[in-house]
Amino acid sequence: MTESSLAVLILAAGKGTRMVSDRPKVMHEIAHRSLLHHVLEAAKALQPERVIVVVGPGMQDVADEALPAETVVQAHQRGTGDAVNAARDALGSFDGDVLVLYGDTPLIASAALRRLLAERRKHNAAVAVVGMRPTDPGVYGRLVLAADGTLEAIVEAADCTEAQRKITLCNSGVMAIDGKRLFELIAAISDGNSKSEYYLTDIVAIARERGLRCATIEAPVEEMMGVNSRAELAHAEAAMQRRLRAKAMAAGVTFTAPETVFLSVDTHIGKDSIVGPFVVFGPEVAVGQGVVIPAFSHITGATIGDHAIVGPFARLRPGAVLADNVHIGNFVEVKNSTLAEGVKANHLAYLGDSSIGERTNVGAGTITCNYDGFAKHRTTIGRDVFIGTNASLVAPVTIGDGAIIGAGSVITADVPADALALGRGRQVVKKARAKTWRAKHASAKAAPKKKKTAKKPAKKIAKPKKRKR
Ligand code: UD1
Ligand code: MG
């Protein structure tokens, strides 16, 4: 094998006790993808020969999430050193670089990983470690450096001396190890520490004892922080959001209040689009160029064409496909529907399981009645249709090109092209009836009201006051 061959080992078998969760820790999400997914993406960017994920027994969901990466099972979760050992058979005679990543560090960027690999090779180090300087080193392992600046040991926080605890350079968990040495170093780890675990971090001191060199690089804590608790999950989410917003803005998107916009890792927004405050993007959203998304819209699984307007207060759900120049306004919900170019639905509508042709205008309050209590049905609306206010379109139903639907109609049968359809009670007008109605009721109410209001309140209020005295 060449000196540049690379295998990535991702440790994901930990119980994640501090998450207090029924789900494995690495399946928790930031920016709508699992922690493990983010780590796998960083690994993939390095084009490694092998990617092996270490999972715990029964963690089928983690193994599925890892695909197409290979997985090996760590039978008993006895520490990070034991987890690496679980991949011994799978790695076989691999003697290139082994990059160890922890499945709970979702913000790692491939640039830092490349720097680490270069550093290890440059010094022919047995182990190279990424260090970071968090404001609160807390429970992170500390990197103990020798006088010459090389790495001497990693000491877990629980096992630190007072002096070691003051060290600000911490172990991010990311390590590059010489594959030729890996398992001889692992074999020498013992569990003689405060947690009785086999710490991977001990291989540094073991390598030094054997006269081997160990190196470190530093990377920003924003890229290296681990997720061990719900609070750290929220920190990681915030850091990821900052990164995603910065990326979108660098690609030409305006955010009026970036800190209030939430993106998914796969959100794509075209240049010259403007996103107002408090807009949330769920997974699988693609937005075209020059789109305006005013405040408080929630968009998931939707495709939006160029120069569309979506919001304020719009809700696009999976399968909403909006062509160019579509306008979706306040309190309009669109699901599993295709809206052709120039369609307008500007107020208070539900468009579900439908297709709507070019330039059709959907009036305020229009509802596609897509569900009959058992199954969903489609509404097909042609082009240049005018749907009057408050129409109910009972699916399955088809409305032809150029038709007009009268306001307030309940449409239960197909409407041919260019027809006018009215499905409501005929209006009745009775001249002067309102006036006579008011006069009749005014005279009937006038007399009895006077008697009742004069007597009853006087008695009720007077009695309790006397009793109290
Ligand atoms: C670890 C490091 C610590 C470092 C920190 C960075 C060790 C001993 N300590 O501590 O120096 O500062 O990460 O975030 O390595 N795992 C397994 N099998 C196990 C135990 C853990 O696969 O038996 C996996 C976990 O799923 C996790 C990763 O290894 O993805 C790290 O384990 P975790 O328990 O989070 O270690 P930390 O206490 O954070
Ligand atoms: Mg951790």
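Every value quoted in this text rests on a predicted model; they were computed, and no experiment measured them.

Description of the nonpolar core
Thought 1: With 95 residues, the main nonpolar core has Ile10, Leu99, Leu101, Phe281, Leu316 and Ile328 as its most contacted residues.
Thought 2: Counting only domains with at least three residues in this core, you end up with domain 1 (6-224) and domain 2 (230-421).
Thought 3: With residues up to four places along the chain from it excluded, the contact list for isoleucine 10 reads Leu36, Val39, Leu40, Ala43, Val51, Ile52, Val53, Val54, Leu101, Tyr102 and Gly103.
Thought 4: One finds Leu143, Ile154, Ile189 and Ala207 within the second-largest nonpolar core, a separate group that totals 36 residues.

Topic: the side chain of lysine 25
Thought 1: As for its placement among the helices and strands, lysine 25 is situated in the loop between strand S1 (6-11) and strand S2 (29-30).
Thought 2: When its relative accessible area of 12% is taken as the criterion, lysine 25 is described as buried.

Regarding the site of ligand 1
Thought 1: Around ligand 1 lies a shell of 23 residues, among which Gly14, Gln74, Tyr102, Glu156 and Asn171 are the nearest.
Thought 2: Interatomic distance of 2.8 Å between a backbone N/O atom of alanine 13 and an oxygen atom of ligand 1.
Thought 3: At 3.4 Å from an oxygen atom of ligand 1 is found a main-chain nitrogen or oxygen belonging to arginine 78.
Thought 4: Relative to its free-state accessible area of 750 Å², ligand 1 is covered by the protein chains to the extent of 92%.

Considering the packing of aromatic side chains
Thought 1: Under the counting rule described, the total for this entry stands at three aromatic pairs.
Thought 2: Each ring, one from phenylalanine 278 and one from phenylalanine 296, has its centre 5.3 Å from the other, and the planes form 5 degrees; the classification is stacked. In this pair, phenylalanine 278 sits in the loop between strand S14 (274-275) and strand S15 (280-281) while phenylalanine 296 sits in the loop between strand S17 (292-293) and strand S18 (298-299), placing the two residues 18 residues apart along the sequence.
Thought 3: For phenylalanine 278, a relative accessible area of 45% translates into the label partly exposed.
Thought 4: We classify phenylalanine 296 as partly exposed; its relative accessible area is 42%.
Thought 5: Look at phenylalanine 296 and phenylalanine 313: their rings are 5.1 Å apart centre to centre, the planes differ by 10 degrees, and that puts the pair in the stacked class. Separated by 17 residues along the polypeptide, phenylalanine 296 in the loop between S17 and S18 and phenylalanine 313 in the loop between strand S20 (309-310) and strand S21 (315-316) bring together distant segments of the chain.
Thought 6: One cation-aromatic arrangement involves arginine 245 over phenylalanine 262; the distance from NZ or CZ to the ring centre is 5.3 Å.
Thought 7: In this arrangement the basic side chain of lysine 376 is found over the ring face of tyrosine 371, its NZ or CZ atom lying 5.4 Å from the centre.

A closer look at the pattern of salt bridges
Thought 1: Tallied over the full model, the rule gives 17 salt bridges.
Thought 2: Between lysine 44 and glutamate 41 there is a salt bridge, and its shortest N-O distance comes to 3.2 Å. Within this pair, lysine 44 and its partner glutamate 41 are both found in helix H1 (residues 35-44), separated by three residues, close to a single helical turn.
Thought 3: The partner of arginine 165 in a salt bridge is glutamate 162, with the nearest N and O atoms 3.4 Å apart. Residue arginine 165 and its partner glutamate 162 are both found in helix H6 (residues 162-165); the two are separated by three residues, about one turn of the helix.
Thought 4: The class of arginine 165 is partly exposed, set by a relative accessible area of 35%.

A look at the pairing of S1
Across a regular strand the side chains alternate sides, sitting on one face of the sheet and then on the other.
Thought 1: For S1, the tally of buried residues reaches six of six residues, placing the bulk of the element in the interior.
Thought 2: Residue alternation in S1 divides its side chains into two sets, Leu6, Val8 and Ile10 and Ala7, Leu9 and Leu11, and both sets are buried.
Thought 3: Judged from the six bridges that link them, S1 and strand S6 (residues 97-102) form a sheet pairing that is parallel. Each residue of the ladder has a partner; that of leucine 9, found in S6, is valine 100.
Thought 4: Two strands pair when backbone bridges link them, and S1 and strand S4 (residues 50-55) are joined in this way by five bridges, in the parallel orientation. By the bridge assignment, leucine 9 is partnered in S4 with isoleucine 52.

The rules behind the values
- Residues numbered from 1 in each chain as written.
- Chains lettered and ligands numbered in written order.
- Predicted model: local features only at pLDDT ≥ 70, side-chain atom pairs only at ≥ 80, totals over all residues.
- Heavy atoms only, no water.
- Core = buried A, V, L, I, M, F, W, Y, C linked by side-chain atoms within 4.5 Å.
- Buried < 20%, exposed > 50% of the residue type's maximum accessible area, 1.4 Å probe, protein only.
- Domains from an automatic or database assignment.
- Contact = heavy atoms within 4.5 Å.
- Helix = DSSP H or I, 4+ residues; strand = E, 2+ residues; numbered from the N terminus.
- Near = heavy atom within 4 Å.
- Polar contact = N/O pair within 3.5 Å; in protein donor to acceptor, adjacent residues only side chain to side chain.
- Areas by Shrake-Rupley, 256 points an atom, 1.4 Å probe, with all protein chains shown as cover.
- Phe/Tyr/Trp six-rings, centres within 6.5 Å; stacked < 30°, edge-to-face > 60°.
- Lys NZ or Arg CZ within 6 Å of the ring centre and 35° of its normal.
- Salt bridge = Lys/Arg side-chain N within 4 Å of Asp/Glu carboxyl O.
- Pairing = 2+ DSSP bridges.

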